[in-house]
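# Observations on the three-dimensional arrangement
Residues per chain, in single letters:
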Amino acid sequence: MVVTQVSYEDYKNLFEKPWIVYNKADFNKLNESKVEKLYFLVFKSLNSNCILGIIGGVRENLFFCPFSAPFGFLAFHGDQPDSNAVEELIVALEVFLMGERIRGIDLALPPIFYNPNLVYFFSEILVKHNYIIKYTDINHHFELDKFGSNYVKIIERSAKKNLKKSLSSNLNFLVVNTDTDKEKSYEVIKKNRVSKGYE
């Protein structure tokens with residue numbers, strides 16, 4: 001697999017619509033001030049038409065993907081990569097970063113529901129290559145295609161309890177369209193996070 005460091009513009013043009021928002025060139029460029037150096041890397045397989053990309057930032061001689069988001073991942077152009085392509089990418093990334101004299105790699109993978117097969121075999125390949133899993137994201141979500149008249153019957157006991165509590169509190173879901181309403185919403189979220197010690 002061949003690794004090429006490309007410009008922000010070239011990366012953006014190649015991966016116009018990545019499957020994860022944190023893989024967008026624009027998002028990473030916006031947060032560039034949080035790292036000492038920003039890398040837009042493109043990987044081309046010699047054995048297939050697979051084109052992959054990773055954006056990472058360097059701080060204190062460590063490569064972070066992501067460097068300013070809860071998770072990041074590889075972008076791909078065309079078909080989803082198979083496990084061989086992902087393994088080639090890991091090896092090529094390590095060799096490239098050694099050439100840049102970067103001493104370590106820190107990756108945060110997306111929650112499994114984003115793409116179960118890809119996240120599973122990426123995790124497996126990282127373990128195979130002696131990466132250490134520092135934490136696993138425990139995600140709580142509900143598949144909307146299961147939402148229906150029997151919703152209350154299929155949710156967990158704690159979710160039923162919280163639903164009952166919210167219904168008795170006259171809570172409503174509202175669509176917010178204006179910037180003022182969005183700012184109010186984020187202010188509520190911020191106050192909630194601060195009250196729980198998250199910030």
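Our structure is the block above this text.
Predicted, not measured: the structure shown is a model, and the values here were computed from it.

## With respect to unusual backbone geometry
Of note, the amide linkage connecting Cys-65 to Pro-66 takes the cis form, showing an omega dihedral of 5°. Note that Pro-66 resides in the loop between β4 (62-65) and β5 (75-77). A positive phi angle, near 65°, is found at Asn-61, a position not held by glycine. Residue placement: Asn-61 occurs in the loop between β3 (51-59) and β4. Despite not being glycine, Asn-130 has its phi angle at roughly 70°, a positive value. Here Asn-130 lies in the loop between α4 (116-128) and α5 (151-154).

## Considering a positive patch on the surface
Side chains of Arg-157, Lys-161, Lys-165 and Lys-196 sit close together on the surface and give a patch of like positive charge. Position of Lys-196 among the secondary structure elements: in the segment after α7 (179-195). Residue classification places Lys-196 among the exposed positions, given a relative accessible area of 52%.

The rules behind the values
Residues numbered from 1 in each chain as written. Predicted model: local features only at pLDDT ≥ 70, side-chain atom pairs only at ≥ 80, totals over all residues. Heavy atoms only, no water. Helix = DSSP H or I, 4+ residues; strand = E, 2+ residues; numbered from the N terminus. Patch = residues over 30% accessible without salt bridge, like charges linked within 9 Å, V, L, I, M, F, W, Y side chains within 5 Å. Areas by Shrake-Rupley, 256 points an atom, 1.4 Å probe, with all protein chains shown as cover. Salt bridge = Lys/Arg side-chain N within 4 Å of Asp/Glu carboxyl O. Lys, Arg positive; Asp, Glu negative; His and termini not counted. Charge placed at Lys NZ, Arg CZ, Asp CG, Glu CD. Buried < 20%, exposed > 50% of the residue type's maximum accessible area, 1.4 Å probe, protein only.

Just distances and angles here, no functional claims.
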